[in-house]
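Coordinates in review
Chain residues, written in single-letter form:
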Amino acid sequence: KAVFFDLDNTLVDTAAAGRRAIESPPRPSQVISALQAKHHYGEGEARAICDKVQAKLLKECHDPAKMCITDLRISHWEEAIQETMGGEANRDLAAECYYLWKTTRLQHLTLPEDTRGMLTELRKAVRLLLLTNGDRQTQREKIEACACQPYFDAIVVGGEQKEEKPAPSIFHYCCDLLGVQPAECVMVGDSLDTDIQGGLNAGLKATVWLNKSMTTPVDTSPVPHYIISSVLDLPAVLQKMEHKTNAKLGTDHMAGGNE
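- The protein has the name NANP phosphatase in an unreviewed UniProt entry, where Scytalopus superciliaris is given as its organism.
- Recorded in UniProt for the protein, the comment headed Cofactor (unreviewed entry) runs: "Mg(2+)".

Below you can see the structure in the form of structure tokens.
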């Protein structure tokens, strides 16, 4: 009756948007241009700063109770500039770089046309919910930027709840919002740890793992019910599920008739 979708790197390519905000080939990114033109940094230095920020973002651990995401990410830029250039910490320059990066990333964040079409079609048959982990402000800005609200019956952001994926509580909250049972829902996402493990923890009907590279990890645990290489393959998987359910109902019905 319902399908829950993850946002980042499932429906929108957040990783690519972040990379383009820093690299934007063939032209230098806005951050690199600003560092060179306005602050007279060499191209190598500017790129080194951006590379360091990329690395910090990948390792980032954010505790909203201790620090807001904006302060944390300005600190990434501040540290990267200091590590590259030495000297005093420059908070103002770090903030300028962060806002340039963030604005560019949001501009690159789009919900592809074919994905919009798929969501529109699916919604004629089932209810759709967007379930994303992460900081409230950051995720709401992304949702706004890629204009995905019209495609969903509800949107749930982990940072606004008591617990995030993979905790069963957030999945059960989503079920209550839509008025459905966990056994009537399917979770679709790119993360085994949060999306798939979470769906299994919450007792959903099925989990669908989006594995774009289709390379099998050495240790696939947890084990998803289905694996797809593109989110556009989802309707076929849902049809397969439907056939299985109908076939099972058919056999149950037959068994009942024989008794």
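Now that the structure has been shown, we can carry on.
Observations regarding helix 8 (residues 168-178)
- Those residues of helix 8 that fall on the buried side of the exposure criterion are I170, F171, C174, C175 and L178. Around the axis of helix 8, the buried residues are gathered within 145° of arc, so they sit on the same side.
- Check the buried side of helix 8 and you find it contacts strand 1 (2-5), strand 2 (127-132), strand 3 (154-157), strand 4 (185-189) and helix 9 (192-201).
- Following helix 8 by one or two positions, G179 has its phi on the positive side, about 70°.

Section: the side chain of D195
- Relative to the helices and strands, D195 resides in helix 9.
- Classification of D195 as buried rests on a relative accessible area of 1%.
- Here D190 takes part through its backbone nitrogen, which lies 3.2 Å from a polar atom of the side chain of D195.
- Ignoring anything within four residues of it in the chain, the contact list for D195 reads D6, K165, F171, M187, G189 and D190.

How each quantity is defined
- Residues numbered from 1 in each chain as written.
- Predicted model: local features only at pLDDT ≥ 70, side-chain atom pairs only at ≥ 80, totals over all residues.
- Heavy atoms only, no water.
- UniProt positions renumbered as here; feature names shortened; annotations may be inferred.
- Buried < 20%, exposed > 50% of the residue type's maximum accessible area, 1.4 Å probe, protein only.
- Helix = DSSP H or I, 4+ residues; strand = E, 2+ residues; numbered from the N terminus.
- Arc of directions from axis to C-beta.
- Contact = heavy atoms within 4.5 Å.
- Polar contact = N/O pair within 3.5 Å; in protein donor to acceptor, adjacent residues only side chain to side chain.

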